[in-house]
Amino acid sequence: MATELLMPKLGMTMEEGTIVTWFKKVGDSVAEGEILLEILTDKVNMEVEAPAAGQVLAIIAAEGDIVEVNKPIAYIGQPGEKVDSHAAQILKTEEQHTVQVAATTAAPVQSAEGIGGKVKASPAAKRAAREDGIDLRAVPPSGPGGRIIAIDVANYKASPLAQKIAQDKGVELAEVAGTGIGGKIMKNDVENVLVKAGPKAKGVRKPLAGMRKVIADHMADAWAAPHVTHNMEVDMSGMVELRKKLIPGIEKRIGVKPSYNDLIIKVVAKALREYQQVINARLHSDGLEICDEVNVGMAVALPNGLVVPVIKNADTLSIEQITKRAKELAVQAKEGKLLPDEMSGGTFTVTNLGMYGIDTFSPIVNAPEVCILGVGQLQEKVVVKDGEMIIQPRMSLSLSFDHRAVDGAQAAEFLRRIKELLEDYLQLI
């Protein structure tokens, strides 16, 4: 009997994965344990091994497809072996789908309703349907395994002729306002968009895919929260002095110099423990989760996006331990070797743009967390102290928070506490 290859669940929070690359095609031989494909889950690329030796009999999910965990993506067996009836039905369904809009609308409507009446749809499709008041049960699916994807919802809102014109002219139906009954997009609606747009500039349109698609979806969800940002400038004289004292010993023991970001993470972790009931939390649809652990995420920029590995139990770690762990995670991130669990469980995030010369910015909360701290550049400034002008190393901090979970005064108190700790490092001892 053929072996079914499922989308693996590689972390406790993983719900779906994206097929990035198949290293084998149908008909190829494969050894047990051989790398068969690469998937993307929450911005982490992972290689998936073949669960058995044999021949690739069927590939159900194509590159770029989003598949729920524990759903079949391929079958491996002996040459000539037949896949089971379930796989055959999926393959038959996939063969019936076509990229031609006219053919899609003319074909018999296939239901995306699964076991227990639950509709199989991607998160983006669910969001689009929710915003437009569309019943997903009525939308013909075109995704893998009879799954509704975002383009299906857009096509459902448009007449066949409007779909054809939009496809030929490269118009995104999601950006067109329909004037037909129930907001349906008609031919004139698409033509009006073309008239307003004027001649198209030459260029190449690249679809959002892989990490960029994950980031786009996550940012769209996060931006739905009511954001507020507090800004505060800090005297970093004490931190500059502390870092100078720590560098020789820490560098000798672990071969890495502590950065100002490492010191800030230590300070933030201590403040989070003190403000656990307010700031160290995660907001879910069914309520606010007050987290027992203080897990600080650190944003790491990559050539193709950004990832946020998490330093677990940061409040229990020394500056040296934080420095070591931060370096390990940063290296793994840049090499694409982070594990899903190393990017999950965060309760707060620190993002630093100081190395780019940025003074202040408004970071977006890393949902479901409720706060994020933006760190600006460290620079010498002239300030007035005790009636005299002096030069101090100063840094701007920007705390963005989800106003549904955190009040402005609470966020201000927390940011002020971070300032106090940065300006009086003896409190860290």
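Rules used in this analysis
Residues numbered from 1 in each chain as written. Predicted model: local features only at pLDDT ≥ 70, side-chain atom pairs only at ≥ 80, totals over all residues. Heavy atoms only, no water. Helix = DSSP H or I, 4+ residues; strand = E, 2+ residues; numbered from the N terminus. Buried < 20%, exposed > 50% of the residue type's maximum accessible area, 1.4 Å probe, protein only. Contact = heavy atoms within 4.5 Å. Areas by Shrake-Rupley, 256 points an atom, 1.4 Å probe, with all protein chains shown as cover. Pairing = 2+ DSSP bridges. Axes fitted to C-alpha atoms, helices over the stretch in contact; angles between N-to-C directions. pLDDT = per-residue confidence, 0-100. Core = buried A, V, L, I, M, F, W, Y, C linked by side-chain atoms within 4.5 Å. Domains from an automatic or database assignment.

Asker: Hey, could you run me through the overall build of the protein in this one?
Answerer: Each helix and strand counted, the protein has 11 helices and 18 strands in total. Burial status across the protein gives 43% buried among its 429 residues. Taking the contacts inside the protein whose residues are at least 6 apart along the sequence as the reference set, 61% of them involve residues at least 24 apart. Counting every atom, the protein has about 22,500 Å² of accessible surface; 53% of that belongs to carbon and sulfur.

Asker: Just to check I follow, could you spell out the sheet that holds strand β16 (residues 348–352) for this structure?
Answerer: In a beta sheet, neighbouring strands pair by backbone hydrogen bonds and run either parallel or antiparallel. Across the sheet, six strands lie side by side as β9-β18-β17-β16-β12-β15; this open sheet has mixed pairing. Of all the strands in the sheet, the pair left with one neighbour each is β9 (227–235) and β15 (310–311). Pairing between strand β12 (residues 296–298) and β16: three bridges, direction parallel. Looking at β16, one finds that Val-296 is bridged to Phe-348. Most of the contacts of helix α11 (residues 408–423) go to β9, to which it runs at about 20°, and overall it touches β9, β16, β17 (371–385) and β18 (388–402).

Asker: I keep staring at the confidence of the model for the protein and nothing clicks. Help me out?
Answerer: Should pLDDT be low for a region, the predicted coordinates there are not to be read in detail. Summing up the model confidence of the protein, the mean pLDDT is 84 and the portion of residues at 70 or higher is 88%. Counted against residues more than four places away or in other chains, residues 91–111, with its pLDDT under 50, gives 30 contacts.

Asker: It is not clear to me how the sheet that holds strand β7 (residues 66–68) should be interpreted in this structure. Could you clarify?
Answerer: Read from one edge of the open sheet, four strands run β5-β4-β2-β7, paired in antiparallel fashion. Since the sheet does not close on itself, it has two edges, and those belong to β5 (44–49) and β7, each with one partner. Each neighbouring strand pair of the sheet contributes to a mean axis angle of 40°, computed without reference to strand direction. Where strand β4 (residues 35–41) meets β5, six bridges bridge the pair, whose relative direction is antiparallel. Bridged to Ile-39 within β5 is Met-46.

Asker: What is the right way to read the nonpolar core from this model?
Answerer: Most often, soluble globular proteins have nonpolar side chains that are buried together. Core analysis: the biggest nonpolar cluster contains 74 residues, and Phe-348 and Leu-373 have the highest contact counts within it. Take this core: its biggest share by element is eight residues, from helix α9 (residues 260–274). Each of domain 1 (3–101) and domain 3 (212–428) accounts for three or more of the residues forming this core. Leave out the neighbours within four places in its chain, and Phe-348 touches Val-268, Leu-272, Ile-279, Asn-295, Val-296, Gly-297, Glu-369, Cys-371, Ile-372, Leu-373, Leu-399 and Phe-414.

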